[in-house]
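Reading the structure
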Amino acid sequence: MKIGIVGLPNVGKSTLFNAITQAGAECANYPFCTIEPNLGVVPVPDARLTRLAELYRPEKVTPATVEFVDIAGLVKGASQGEGLGNKFLSHIREVDAILHVVRCFSEDNIVHVEGSVDPGRDVEIINLELILADLETIGKRIEKTRNMAKSGDKKLLAELDLYTRIQESLAEGLPVRALSFTEDERELVRQLFLLTQKPVIYAANISEQDLTSGKKDNPWVTSLQNLAAKEGAEVLVICAAIEEEIAQLGADDKQVFLADLGLEESGLNRLIKAGYKLLGLISFLTAGPKEVRAWTITAGTKAPQAAGKIHSDFERGFIRAEIVAYDDLMRCGSYPAAKEKGLVRLEGKDYVMKDGDVTCFRFNV
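Reading the values: rules and limits
Residues numbered from 1 in each chain as written. Predicted model: local features only at pLDDT ≥ 70, side-chain atom pairs only at ≥ 80, totals over all residues. Heavy atoms only, no water. Phe/Tyr/Trp six-rings, centres within 6.5 Å; stacked < 30°, edge-to-face > 60°. Lys NZ or Arg CZ within 6 Å of the ring centre and 35° of its normal. 1 Å grid on protein atoms, 1.4 Å probe; cavity = no way out; pocket = protein on both sides within 12 Å on 5 of 7 lines; lining within 4 Å. Points joined across faces, edges and corners; volume = space filled by probe spheres on them. Helix = DSSP H or I, 4+ residues; strand = E, 2+ residues; numbered from the N terminus. Nonpolar A, V, L, I, M, F, W, Y, C, P; charged D, E, K, R; others polar. Buried < 20%, exposed > 50% of the residue type's maximum accessible area, 1.4 Å probe, protein only. Polar contact = N/O pair within 3.5 Å; in protein donor to acceptor, adjacent residues only side chain to side chain. Contact = heavy atoms within 4.5 Å. pLDDT = per-residue confidence, 0-100. Salt bridge = Lys/Arg side-chain N within 4 Å of Asp/Glu carboxyl O. Pairing = 2+ DSSP bridges. Expected span 1.5 Å × (residues − 1). Arc of directions from axis to C-beta.

Counted by the stated rule, this structure contains four aromatic pairs. Ring pairs connect the aromatic residues F284, W295, F318 and F361, which therefore count as one cluster. Between the NZ or CZ atom of R103 and the centre of the ring of F105, over which it lies, the distance is 4.6 Å. Here the guanidinium or amino end of R293 rests over the ring plane of W295, the centre of that ring lying 4.0 Å away.

Structural data, given as structure tokens:
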């Protein structure tokens, strides 16, 4: 899962990214690695791996991971290359989902690029730039398809109708993600790499004072929540400054700090969970003396394709999957005990994987 962090300058985007990278650096099992200056890889928190490690005592534990991309701050005119607009747009095309950080705090020492705090206006600025960029993309595709469709090819004419429908919706200010498509249409749209097709999570960045005081009547947060509701998007209320502090603490100190704030878990953990939900992702698990590992797949993935996540040979030569539900395995205390109770199932090519399946794939090539 690759999430791009976007927002206007000075909204707390980089502070949040710094918190995320610090969190990754602290994880002993999967340390943060800088692939390039604006990319951080962090582990997906999963308590099941810890318990499986206690059971199997493996040589290593490998969690699933999430990539966060700190995309250059956006200003008006980015779709025309203003500021770092071209960099912003090229990076956002590569991500699976967008984390849109919106400033919901007032701070005299931190200048707002638009002169005042206004979540609705800030969101509109970024959405408009993405829509303008998509209009340019779809316009070029329409022109190309129209020329090719002069032959009367029905398939091309259907594509032209689809692209025209997208263009009309964008012109009305609607993002592509708000439209409905058939399965065939969805594949065509996917190939366009449109920016407004990306699913979005809004992060309402509040002040430390609002977070520590438990203030819940922040009018800027309410405004953002109302806006997001119209899009069917989720809003996560976070404090980027506090997240940066949390990320620098050890595991025990972190829990104490969170408890003092009245929080059950960090904003980063909530963000990763929200991202999984947004993209319809689940994890299956593999466990043994060499490694305990979580693998990320899309909900609805069948066993052979899940096996292919481990190695292409596993999918090509798939025979069967030996599966025990994580909860059943924990209740029994061992794999042999679960097998003795008939809780280890043999599943074939049509089996749809479930979250928490502890799996051993059998294959032959």
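Attention now goes to the layout of surface pockets. Looking at the largest pocket, its volume works out to about 1200 Å³. R177, T196, Q197, K198 and P199 are, among the 42 residues lining the largest pocket, the residues nearest its centre. For the lining of the largest pocket, the secondary structure elements donating two or more residues are α4 (119-148), α6 (183-190), α8 (219-231), α11 (267-279) and β10 (291-298). Among the elements that take part in the lining of the largest pocket, α4 stands out by supplying six residues, more than any other. Grouping the amino acids of the lining of the largest pocket by side-chain chemistry returns 21 nonpolar, nine polar and 12 charged.

Here we come to the side chain of T359. With respect to the helices and strands, T359 occurs in strand β13 (residues 357-363). Given the relative accessible area of 7%, T359 is considered buried. Here D357 takes part through its backbone oxygen, which lies 3.3 Å from a polar atom of the side chain of T359. Each residue touching T359, except ones within four places of it in the same chain, is listed here: F284, L285, T286, A321, E322, I323 and M353.

Our next topic: the environment of L156. As for its placement among the helices and strands, L156 is situated in helix α5 (residues 154-171). A relative accessible area of 15% means that L156 is categorised as buried. Through-space distance from the C-alpha of L156 to that of T145 is 6.7 Å; in sequence the pair is 11 residues apart. When sequence neighbours within four positions are dropped, the list of residues in contact with L156 reads T145, M148 and A149.

With that settled, the discussion passes to the confidence of the model for the protein. Averaged over the protein, the pLDDT score is 86; the fraction of residues at 70 or greater is 88%. Confidence drops under pLDDT 50 across residues 25-37; counting only partners more than four residues distant or on other chains, this segment forms 28 contacts. Here residues 81-85 is modelled with pLDDT under 50, and outside its nearest four sequence neighbours on either side it reaches seven contacts, counting other chains as well.

In this section: the pattern of salt bridges. This model, assessed by the stated rule, comprises 19 salt bridges. Across the salt bridge formed by R48 and D46, the nearest N and O atoms sit 3.0 Å from each other. The residues R48 and D46 share a single accessibility class, namely buried. For E187, the salt bridge goes to R190, with nearest N and O atoms at 2.6 Å. Taken as a pair, E187 and R190 lie in helix α6 at a separation of three residues, close to a single helical turn. Relative accessible area serves as the criterion here: at 35%, E187 is assigned to the partly exposed category. A residue is classified by how much of its surface remains accessible, and R190, at 44% relative accessible area, is partly exposed. Each member of the salt-bridge network shares a partner with another, and the members are D46, R48 and D355.

Our next topic: the pairing of strand β5 (residues 65-70). Direction of pairing for strand β1 (residues 2-6) relative to β5: parallel, over a ladder of four bridges. Looking at the pairing, I3 lines up with F68 of β5. Across five bridges, strand β3 (residues 39-43) lies against β5 in antiparallel orientation. Bridging across to β5, P43 finds its partner in T65.

Between its first and last C-alpha atoms α8 spans 19 Å; for 13 residues at 1.5 Å apiece the expected length is 18 Å, and the two agree. Those residues of α8 that fall on the buried side of the exposure criterion are V221, L224 and A228. Projected down its long axis, α8 carries its buried residues within an arc of 65°, all on one side. Exposed positions of α8 whose direction lies more than 90 degrees from the buried face are P219, A229 and K230. Looking at the buried residues of α8, the elements they touch are β6 (97-103), α4, β7 (200-205) and β8 (234-238).

In this section: the environment of A233. Examined against the element boundaries, A233 turns out to sit in the loop between α8 and β8. C-alpha separation for the pair A233 and L278, spaced 45 residues apart in sequence, amounts to 8.9 Å. When neighbours within four sequence positions are excluded, A233 is seen to be in contact with V200, Y202 and A228.

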